[in-house]
Every structure is written in C-alpha cells, then in structure tokens.
Amino acid sequence: MGRSVARKTTSGAASATGPVTMVTEFLTNSAGQMDLKMSMGAAGETMEVLLVSGTMYVKMPTAKAGKPWLRIDSNGSSPIAQQLKKSLDDADPRRASKAYDGATVTLVGNSGGISQYQLSGVAGAPGVQTLMWIEDATGRPQRITTQTAEGSADITFSDWGAPVTIAAPAADQVTDLK
C-alpha cells in the first residue's frame, strides 16, 4: 500500500460510442515509479488497466473466463503495447502537465481558496478551451475542463494522499500477450 498522488475522474464525449468515463488512482511505488489502477467505461462496457512496477495488465469486457487479465510488456513493440503505453503515459499526471508548457495562463476567478485559470495555446493546439481550478493552499489541481471541436473532457482530482493499494492480478488470472 502507498499514498495516492490523486484519484482522477474523467468524463467526456470524445467517443463515437458516446460518453466515456475513466477513474484512475495513482501512487508512487518504492522504486519511484508511478503505478496506476484505471477503469474506463463506454457504451455500457468497462475495461480495467493496471500498471504495476512497469508491467501493464488489461482486462477487457470480452475477456475469457478463467484468465481475464492480459499481461503486456510496457516496453514491447506490439501495436497494443505501444498504444497502451501512450495512453498510460498521457494518464500520468507528472507527464500530462507537460501539455501546458508554453500556454498562456489567465486568472479568471477565485472562490473559497480555489483559483480558476483559463489556458490558451495548450500543447500548441489552437481552438482548445481549457479551464483549470487550483487549490491555493497546496497548488494541487482540483478540476480541468477542456473543449475542442472533437469533444470535451471534465477531469476532477480528489482524495489527495488517501491510502491506495495497486497490485498485479494473481498469476493464475493472467495470460501473456505475445
């Protein structure tokens, strides 16, 4: 068990099948790596992803009974490994914040110890509307909303520092992706 960096809940309409919801818990393990537990729901189906000490595990809605988890080498060259690695890298708040490098930031409000900022020029993407709420006392993000021509996302951060356990599934529940 470790201390979570945060629980991140993301909802949006960026999917052709309708709204997508993700709940992600993060922690920094004893080796200083980011471990995470994420569930993604869309169109009535849920996929689960674990990243434990650099190894990815995926449980798809169509998983086989008996061994529902796939183990994927996060440094593997398969298209699935590369796609999941990019998704997990994007989900890591330590890396995701790089998207805001170079953005123009404007304070647009403050209420109850939370400052609201408008960001433009995010990741060099014109036309992206981003609002960010930051807790003044800690500097921690509380919420981020993004609107693009393709869709929207609403990310809420909560449970900062709450205990969380992220563990690999039992070996008899895992199949290696080859």
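Provided above is the structure to which this section pertains.
Scope of this entry: the structure provided in the associated data block. (Residues numbered from 1 in each chain as written. Predicted model: local features only at pLDDT ≥ 70, side-chain atom pairs only at ≥ 80, totals over all residues. Heavy atoms only, no water.)

**Topic: the nonpolar core**
Nonpolar side chains in soluble globular proteins tend to be buried together.
Working step 1: Counting residues in hydrophobic clusters, the biggest one holds twelve residues: F26, M34, L36, M38, M47, V49, L51, M56, V58, I72, A81 and L84.
Working step 2: For this core, the secondary-structure elements that each account for two or more residues are β3 (34–42), β4 (45–52), β5 (55–59) and α1 (79–91). (Core = buried A, V, L, I, M, F, W, Y, C linked by side-chain atoms within 4.5 Å. Buried < 20%, exposed > 50% of the residue type's maximum accessible area, 1.4 Å probe, protein only. Helix = DSSP H or I, 4+ residues; strand = E, 2+ residues; numbered from the N terminus.)

**Regarding unusual backbone geometry**
Working step 1: Here the phi dihedral of S53 falls at roughly 50 degrees; this positive angle occurs in a residue that is not glycine.
Working step 2: Mapping S53 onto the fold places it in the loop between β4 and β5.
Working step 3: One non-glycine residue with positive phi stands out, namely D159, at about 55 degrees.
Working step 4: Looking at where D159 falls in the secondary structure, it is placed in the loop between β11 (152–158) and β12 (163–164).

**What about the environment of Q147?**
Working step 1: If you trace the backbone, Q147 turns up in strand β10 (residues 141–147).
Working step 2: Residue classification places Q147 among the partly exposed residues on the basis of a relative accessible area of 40%.
Working step 3: Separated by 16 residues in sequence, Q147 and L131 place their C-alpha atoms 9.1 Å apart.
Working step 4: Ignoring any residue separated from it by four or fewer positions in sequence, one finds Q147 in contact with G127, V128, Q129 and S152. (Contact = heavy atoms within 4.5 Å.)

**Remarks on the packing of aromatic side chains**
Working step 1: In this structure the tally under the stated criterion is one aromatic pair.
Working step 2: An angle of 25 degrees between the planes, with centres 6.1 Å apart, marks the rings of F157 and W160 as stacked.
Working step 3: Looking at F157, the relative accessible area reads 10%, which means it is buried. (Phe/Tyr/Trp six-rings, centres within 6.5 Å; stacked < 30°, edge-to-face > 60°.)

**Quick notes on the pattern of salt bridges**
Working step 1: This model, assessed by the stated rule, comprises three salt bridges.
Working step 2: Where K37 meets E25, a salt bridge forms, and the shortest distance between an N and an O atom there is 3.4 Å. Placement of the pair is K37 in strand β3 and E25 in strand β2 (residues 18–28), with a sequence separation of twelve residues.
Working step 3: Using a relative accessible area of 31% as the deciding quantity, one classes K37 as partly exposed.
Working step 4: Here R143 makes a salt bridge to D154, at a shortest N to O gap of 2.8 Å. Taken together, the positions of R143 in strand β10 and D154 in strand β11 put the pair eleven residues apart, joining distant regions of the chain. (Salt bridge = Lys/Arg side-chain N within 4 Å of Asp/Glu carboxyl O.)

**Some words on the environment of N110**
Working step 1: Note that N110 resides in strand β7 (residues 104–111).
Working step 2: C-alpha separation for the pair N110 and E135, spaced 25 residues apart in sequence, amounts to 9.7 Å.
Working step 3: Residues in contact with N110, not counting those within four places in the same chain, are S115 and D136.
Working step 4: Here the side chain of N110 touches S115 through a polar contact of 2.6 Å, side chain to side chain.
Working step 5: There is a polar contact of 2.8 Å between the side chain of N110 and the side chain of D136. (Polar contact = N/O pair within 3.5 Å; in protein donor to acceptor, adjacent residues only side chain to side chain.)

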